[in-house]
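As a plain string of letters, each chain reads:
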Amino acid sequence: MFHCKTNNEENEGALSEIESLIEKISSQVPLNNTGDIDVLHKPDSIDIPVSDPGLWNLDEKTRDYICRNGFSQNINADFTHSKKEYLIVHKSGGHRTFNRYLNKDWFKTVLVNGETCQRDYLSYSETNGSVYCIPCYLFENWTVFSKKGFSNWKYPEKLKKHENSEAHKICVYKMKQRATDLGRIDTTITLQLKIETNYWINVLTRVCSVVKSLASHGLPFRGTEEKYGSSVANSGNFIMAMELVAEYDPFLSQHISKYGNPGKGNTSYLSFYTYEQFISIMSEKVLETIIKEVKAATYFSISIDSTPDITHIDQLSFIIRYVLPNGEPVERFIGFIDDAGHKAESLTEAIFSILKKYDLNVCFLRGQSYDNAKNMSGIYSGVQARIKDVISLADFVPCSAHSLNLVGMCAASCCEEANNFFSFTQNLYVYFSSSTYRWSLLKKYNNSTLKSLSDTRWSARDDACHSLKTNWAGVKKALLDLKHDKLQKPLTRSEAEGLLRQLSRLETSFMTEFWNDVLHTFNKTSKLLQSVQIDLSTVVELYNSLVSYVKSVREMFQTYYDAAKEKFIDCNKIPEFENKQRKRKKHFDESNDPGHTFDSQNNFKINTFYVICDNLTVELNKRKSAYDSIISKYSFILKIYELDPSEIREDAKKLRTIYKQDLDESFENECVHFQSVLKLTTNPPKTLLDMSKFIKEKQFVTIFPYVDVALKMFLCNLASNCSTERSFSTLRRIKNYLRSSMSSERLNSLAVLNIEATLTKSLNYSDVIKTFAAKQARKKKLK
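Quick notes on the rules
Residues numbered from 1 in each chain as written. Predicted model: local features only at pLDDT ≥ 70, side-chain atom pairs only at ≥ 80, totals over all residues. Heavy atoms only, no water. Helix = DSSP H or I, 4+ residues; strand = E, 2+ residues; numbered from the N terminus. Buried < 20%, exposed > 50% of the residue type's maximum accessible area, 1.4 Å probe, protein only. Contact = heavy atoms within 4.5 Å. Areas by Shrake-Rupley, 256 points an atom, 1.4 Å probe, with all protein chains shown as cover. Pairing = 2+ DSSP bridges. Core = buried A, V, L, I, M, F, W, Y, C linked by side-chain atoms within 4.5 Å. 1 Å grid on protein atoms, 1.4 Å probe; cavity = no way out; pocket = protein on both sides within 12 Å on 5 of 7 lines; lining within 4 Å. Points joined across faces, edges and corners; volume = space filled by probe spheres on them. Nonpolar A, V, L, I, M, F, W, Y, C, P; charged D, E, K, R; others polar. Patch = residues over 30% accessible without salt bridge, like charges linked within 9 Å, V, L, I, M, F, W, Y side chains within 5 Å. Salt bridge = Lys/Arg side-chain N within 4 Å of Asp/Glu carboxyl O. Phe/Tyr/Trp six-rings, centres within 6.5 Å; stacked < 30°, edge-to-face > 60°. Expected span 1.5 Å × (residues − 1). Axes fitted to C-alpha atoms, helices over the stretch in contact; angles between N-to-C directions. Parallel < 35°, antiparallel > 145°, perpendicular 65-115°, else oblique. pLDDT = per-residue confidence, 0-100. Left-handed = near helix turned anticlockwise from the far one by under 90°.

Visitor: Lay out the overall build of the chain with the relevant residues and their values.
Guide: What the chain contains, in helices and strands, is 31 helices and 11 strands. The burial tally for the chain puts 47% of its 783 residues in the buried class. When contacts within the chain are restricted to residue pairs at least 6 apart in sequence, those whose partners lie at least 24 apart make up 67%. When the accessible surface of the chain is totalled, it reaches about 41,100 Å², and 51% of it is carbon and sulfur.

Visitor: Tell me about helix α13 (residues 383-390), and please be specific about residues and values.
Guide: If you check which residues of α13 are buried, you get V383, Q384, A385 and I387. Contact partners of the buried residues in α13: β7 (300-308), α11 (344-357), β10 (365-369), α12 (374-377) and β11 (395-396).

Visitor: Quick one: what's the story with the side chain of E507, residue by residue and with numbers?
Guide: Along the chain, the position of E507 falls in helix α20 (residues 506-529). Apart from residues lying up to four places away in sequence, E507 is in contact with E417, F577, E578 and F604.

Visitor: Tell me about the side chain of E756, residues and numbers included.
Guide: Inspection of the secondary structure puts E756 in the loop between α29 (744-755) and α30 (757-761). Apart from residues lying up to four places away in sequence, E756 is in contact with V286, I290, E331, R332, F333 and A751.

Visitor: Lay out the pairing of strand β5 (residues 122-125) in plain terms, naming residues and giving numbers.
Guide: Burial of β5 is two-sided: the residues L122 and Y124 facing one way and the residues S123 and S125 facing the other way are all buried. Judged from the four bridges that link them, β5 and strand β6 (residues 130-133) form a sheet pairing that is antiparallel. The residue of β6 that forms the bridge with S123 is Y132. Counting the residues that bridge the hairpin from β5 to β6 gives four residues, and of these G129 lies at a positive phi of roughly 65 degrees.

Visitor: So what's going on with the nonpolar core? Which residues, and what values?
Guide: Membership of the largest hydrophobic core comes to 99 residues, with the highest contact counts inside it found for F432, L479, F510, F514 and W515. If one sorts the elements of this core by residue count, helix α23 (residues 600-638) sits on top with 12 residues. Counting residues in hydrophobic clusters, the runner-up holds 77 residues, among them V211, M242, L753 and L763.

Visitor: Please set out unusual backbone geometry residue by residue, giving values where relevant.
Guide: With a phi angle near 55 degrees, N74 is a residue other than glycine that sits in the positive phi range. Looking at where N74 falls in the secondary structure, it is placed in the loop between α2 (60-69) and β1 (84-89). Assessed through its relative accessible area of 14%, N74 is described here as buried. In this model, H312 sits at a positive phi of 65 degrees, which is unusual for a non-glycine residue. Within the secondary structure layout, H312 lies in the loop between β7 and β8 (314-323). H312 sits in the exposed class, given a relative accessible area of 71%.

Visitor: Give me empty space enclosed by the protein: which residues, what numbers.
Guide: In the structure shown here, the tally under the stated rule is one cavity of 30 Å³ or more. Here the largest cavity defines a volume of roughly 30 Å³. As for the largest cavity, its lining consists of T425, L428, Y429, L450, K451, A464, S467 and L468. Contributing elements (two or more residues each) for the lining of the largest cavity: α15 (416-433) and α17 (458-470). Of the residues belonging to the lining of the largest cavity, the class tally is five nonpolar, two polar and one charged.

Visitor: Account for a nonpolar patch on the surface, naming residues and giving values.
Guide: Where nonpolar side chains cluster on the molecular surface, the patch consists of M240, L244 and Y248 and spans about 360 Å² of accessible area. Structurally, the position occupied by M240 is in helix α8 (residues 237-246). Classification of M240 by relative accessible area gives partly exposed; the value is 42%.

Visitor: Pulling in residues and values, what's your account of the packing of aromatic side chains?
Guide: By the definition in use, this model includes 45 aromatic pairs. Ring geometry for F79 and Y124: centres 4.8 Å apart, planes at 75 degrees, overall edge-to-face. With F79 in the loop between α2 and β1 and Y124 in strand β5, this residue pair connects regions lying 45 residues apart in the sequence. Like Y124, F79 is buried.

Visitor: I'd like a description of the sheet that holds β7, backed by residues and values.
Guide: Ordered by their spatial adjacency, five strands build an open sheet running β9-β8-β7-β10-β11, and the pairing between neighbours is mixed. With partners counted over all chains shown, the strands left at the sheet margins are β9 (329-338) and β11, one partner each. Of the strand pairs in this sheet, β7 and β10 are connected by four bridges, and their pairing is parallel. The residue bridging I302 from the neighbouring strand is Q368, located in β10.

Visitor: Could you give me a rundown of helix α14 (residues 400-412), with the residues and numbers involved?
Guide: With 13 residues, α14 extends 18 Å between its outermost C-alpha atoms, agreeing within 8% with the 18 Å of an ideal straight helix rising 1.5 Å per residue. When you tally the buried positions in α14, you get 10 out of 13 residues, the bulk of the element. Every buried residue of α14 is accounted for by S400, A401, S403, L404, N405, L406, V407, G408, A411 and A412.

Visitor: How would you sum up the pattern of salt bridges? Please name residues and give values.
Guide: The full count for this structure, using the stated rule, is 27 salt bridges. For K693, the salt bridge is made with E328, and the minimal N-O distance between the two is 3.3 Å. Taken together, the residues K693 in helix α26 (residues 688-697) and E328 in the loop between β8 and β9 connect sequence positions 365 residues apart. When salt bridges that share partners are traced, they join E60, R63, D64 and R178 into one network.

Visitor: A description of the pairing of β9 should follow, citing residues and the corresponding values.
Guide: Most of β9 is tucked away: nine of the 10 residues are buried. Here nine bridges tie β8 to β9, and the two strands are oriented antiparallel to one another. The residue of β9 that forms the bridge with Q315 is D338. Taking the residues between adjacent antiparallel strands as the criterion, β8 and β9 are bridged by five residues, where G327 takes a positive phi near 95 degrees.

Visitor: Tell me about the environment of D535, residues and numbers included.
Guide: Within the secondary structure, D535 sits in the loop between α20 and α21 (536-554). On the basis of relative accessible area, D535 is assigned to the buried category, the value being 3%. In sequence terms D535 and L688 are 153 residues apart; their C-alpha atoms lie 8.2 Å from each other. The contacts of D535, once residues within four sequence positions are left out, are L689, F714 and L715.

Visitor: Before we move on, could you go through the packing of α15 against α20 and cite the residues and values that matter?
Guide: Two elements in contact, α15 and α20, have axes whose closest approach is 10 Å; the angle formed by their N-to-C orientations is 85 degrees. If you check the angle between α15 and α20, you find them roughly perpendicular. Along its contact with α15, which presents E417, A418, F421, F422 and F424, the element α20 presents E507, T508, M511, T512, W515 and L519.

Visitor: Can you break down the confidence of the model for the chain residue by residue, with the values?
Guide: Per-chain confidence: the chain averages 84 in pLDDT, with 88% of residues scoring 70 or above. Contacts from residues 1-45, a stretch scored under 50 in pLDDT, to residues over four places away or in other chains number 93 contacts.

Visitor: Go over the packing of α20 against α23, please, and point to the residues and values.
Guide: Following both chains from N to C, one finds α20 and α23 inclined at 15 degrees, their axes separated by 12 Å at the closest point. For the element pair α20 / α23, the angle class is roughly parallel. Crossing of α20 against α23: the hand is right-handed. For the pair α20 and α23, the contacting residues are E507, F510, M511, F514, W515, V518 and F522 in the first and F604, T608, F609, I612, C613, L616 and L620 in the second. Residue classes in the contact of α20 with α23 are distributed as 12 nonpolar, one polar and one charged.

Right, dumping it as structure tokens:
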């Protein structure tokens, strides 16, 4: 119940008197078993007639009470007393008896068009086992329905005849008219309560709308001083949004002008206490929706990752992935766990505590995905190994995007020239970005600017290589100007000369062309791997495509060599590769013959270019092997168009052997049948995700229930843990240096509402307000 305030009271306090009166009225108006109001059930006073009409003492006081408060139909009473015996005499002279009873269907009538209406004028008397027409009973329409009650169950058509009679209709009119003249005892209070309730519902609806909008966008609520109408102090986004809405909403404008700054102890529903409750309630609603979807999906996978917040408290992000009823996988944020630790044991305990908190059955955990840190991915005592000890079917999937970054890191540090190139690229950016004059000089010769490197975000390396390739000529001119500028410090000129010397090397030009192509391809693949919709089969295909791409690049040395030399066409002399031959100390029994030596070009090709390409190929195959083992179990479904029915049965049996508790013996036959359906379908699905959608769209789940189960178990596996890392961006926006003292409960509530903004925006205002009202109720019991 809302904490209401009357419009006539000068003191805007709570309506405790109204609440007490409503409480008193409610105690006099109990509910029967059907949930209908039963005002005559268990009377507390001899002045109130009992519920049995057969026991009423008809006088003016009884008539007034019944007309004003209504009566009970006693539908849920015991009808055994309504037993009536009937005698059937046969032509042969014999006879037999049978019994009839009152039925609940007598309290309803069916219209010609099929609609059902309640006969609300009837009431059952348990004392004499008959039904009374209460209007006729009260106003002495002397028929069997009012004298002693009707109980001839053999002739139900008499009831229809009675309700259509003119005398009955007159009595019904008299009863309604008398009820109107007398009025209900709580009419005034009920009307007042309804007006007040509607008023505060309108206020709370606007508050809820503003809270939903701010929370879904991750914006702060409070300011330095929460005061409406303040023109100087920062009152915060919540008050700003409310005042903005009030400019176009006369109702809210009037409410703010009247209750805007009520002070402590007065109710306005405009303070921080209200929207903090709404934040908590809405986050609970979103989490309820997520858990409900997970339980409906049955199978799920998890991903966790941690990062320190602004207060140096480690926050563990928990993500869960499952398949929606339409066949699409989705990844949802559950919350942050603070101070979970970095040891595998403590992290495992945190995972199981969350699953237990939300009553998720660990037996349906089918996948886990983390980064490649040893405490997470260790095969002996890592988190994934500890979880597999409990749930052996929870396959570990290394983050595909993170693994691709590690492939690039290994290749970028596998030889001296690769290390030198990326070091030069970063030094070049630092040199120009550390001075506004140098940066403006660089922009004078280029439309774009240089980019910095990043150890974790390899898209930044792609941007850095691409910007260097695009701005090659401009960077060279800027360095030349700085080298010959007498006004610059000697150190600045010396640094410019060193960078210019490095830029003039053929190795730098070659590596710029080569790494620009490789990193651009890797970056596009990495972005695709970060998609929620991607599955492990697509991951393997992308890794295979990268292996083929690197092998083709390995044969393109001459192409990159020619492109590197074109950068020096304007120069008088095109440089060559530096031929650095490593001198080795010879033993006493070796000859002085220098042995086989390579020229500078072949030396760079063999010791740098081939080394990088081969390292990329080896690392890609190594990382891909972790996904091949999982894909191999479901590969027959991917090749379902190519395999024979006998091969499908054999592979399906192997999968069923692994998942004995999930797949039935009919799974093999379903797979063969599923193949037949796909072959007869125009534009059949090619991927497992499309097959899952196909089954749901065509409503084939009842035909292929175990095929659907197998697809759900596969699709719920995470391909990466990028969703957990995305949650860190939300963490840094919500808990920043201005809000560093935020509690973990509020952080989780705001994070859930922001990360799961789609679910937040779909929340129903009415449900949120009802929950808020239930928590705010302060009813007092009458003594």
